Each structure stands twice: as structure tokens, then as C-alpha cells.
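The residues making up each chain are set out below.
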Amino acid sequence: VRQKNSMTLRFHMGRDDVLEFSRQYHLASPTYRRTRMRVRWMLPIIMIGLWALTTSRSGFEWTSTAIFFGSALLWFLFYPARYDRSVQKYCEKTLDEGSHHKNFGQCELAISESGLHSIAPSGESKFHWESVDRTLLTDTYLFIFLNGPIGYPVPISEVGKESARAAYEYVNEHINNTTA
């Protein structure tokens, strides 16, 4: 629902929505990306070091070279997906063990000149534009990221593409004005 200087999005927030929000948060996190890259390079560097040590002691052999470099290459290519899955499983476990389910249900997010006002099953919250970090619009979600790993995963299927696009532009306009 859009009024002159505000709009309201009504949607249902569930477990899958929160997990997708978490996934998007991690993919954009510099700390997550650095850790993922560090671990991605760790085994190949160790394998190259072991290969150099083995070669210096026993001489060059094609078999050991293929094993060391093959292992390093396979790790480098396939480990990032494994790492992403393990982090996602961790997020699922922490979501299931807490009382996060209290936040699931019908939500109303009012977006206005003063910021965001949300009404959810766990209560009401107000956030000034300074609290909004960024937004992301995908084919299935409008994500509004607040300071830290919290925010709103708004399913586009529930609010419509036009409303999601309008909200995305409205929020971006306001957060860009507060950082300028």
C-alpha cells in the first residue's frame, strides 16, 4: 500500500525467509568472504609445501605430483560450496534451537520519511534511516539489512514486484541521503 510519502508492506515471515536472509547476509559479509578465501587457499598451500618437501627428499615423481596438485585443485574448486553448506547448516541449527519462531508470522513494515516501523508477532519496532545498512532486490526477495545481521526478508510473492521495486528504490533513496 503506497501513500504520498510512505508505503506499507504486509507479508508473512517464516523460517525459510530468515534462512535466506542469513545466507544473503553472509555472502555480502567481508569477514565471511575473507574466512572462506583463507580456508580455500589453506590446503593447496600446505599440499604445495608437502610436494616441495617430498620432491626435495625423494626426487620428482609424477604420481606424488598428481596426488598433491590434484588434491589441492579439488579442494580449491569444491571447498567453497562445502563451506557455504556448513555455514547454512549452522544457521539452521541456531535458528531451530532458539526462540526465533516467535518472530514468524504476519508482519507489517511501514516505510516513511522517518524510517521503518514494523509490527510483527514479537512486537513493534522503529528504526531511523541511520539504522538501515543496505537493501538487496532479488527475483524472490526484497532484503532490508539493518545494522548487523538483522533485518527484513520480504517475499516478493506476497507484496508484488512493483511494490518491492518501489520499496527498494524508496529505501535506497533514503539511506543514500543519510550517508551523503
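Residues numbered from 1 in each chain as written. Predicted model: local features only at pLDDT ≥ 70, side-chain atom pairs only at ≥ 80, totals over all residues. Heavy atoms only, no water.

**Q** I'd love a proper account of a positive patch on the surface, names of residues and values included.
**A** Among the surface-exposed residues, Arg 82, Arg 85, Lys 89 and Lys 93 lie close enough to one another that they form a single positively charged patch. Owing to a relative accessible area of 60%, Lys 93 belongs among the exposed residues under this scheme. (Patch = residues over 30% accessible without salt bridge, like charges linked within 9 Å, V, L, I, M, F, W, Y side chains within 5 Å. Areas by Shrake-Rupley, 256 points an atom, 1.4 Å probe, with all protein chains shown as cover. Salt bridge = Lys/Arg side-chain N within 4 Å of Asp/Glu carboxyl O. Lys, Arg positive; Asp, Glu negative; His and termini not counted. Charge placed at Lys NZ, Arg CZ, Asp CG, Glu CD. Buried < 20%, exposed > 50% of the residue type's maximum accessible area, 1.4 Å probe, protein only.)

**Q** Help me get a handle on the sheet that holds strand S7 (residues 141–146), residues and values and all.
**A** The strand order across the open sheet formed by three strands is S6-S7-S8, and the pairing between neighbours is antiparallel. Here the strands that pair on one side only, and so sit at the sheet edges, are strand S6 (132–137) and strand S8 (151–155). Averaged over neighbouring strand pairs, the angle between their axes works out to 10° when direction is ignored. Both S7 and S8 contribute to a ladder of five bridges, which runs antiparallel. Bridge pairing in S8 places Phe 143 opposite Pro 153. (Pairing = 2+ DSSP bridges. Helix = DSSP H or I, 4+ residues; strand = E, 2+ residues; numbered from the N terminus. Axes fitted to C-alpha atoms, helices over the stretch in contact; angles between N-to-C directions.)

**Q** Pulling in residues and values, what's your account of the packing of aromatic side chains?
**A** All told, the structure shown has twelve aromatic pairs when counted by the stated rule. Taking 6.0 Å as the distance between ring centres and 55° as the angle between the ring planes, the aromatic pair formed by Phe 21 and Phe 143 counts as tilted. Residue Phe 21 is located in helix H1 (residues 15–28), and its partner Phe 143 is located in strand S7; the two are separated by 122 residues in the primary sequence. Each member of the pair Phe 21 and Phe 143 is classed as buried. (Phe/Tyr/Trp six-rings, centres within 6.5 Å; stacked < 30°, edge-to-face > 60°.)

**Q** Break down the pairing of S8 for me, with residues and values.
**A** In terms of residue burial, S8 counts as a mostly covered element, since four of its five residues are buried. Hairpin connection of S7 to S8: four residues between the antiparallel strands, including Gly 148 at a positive phi of 85°.

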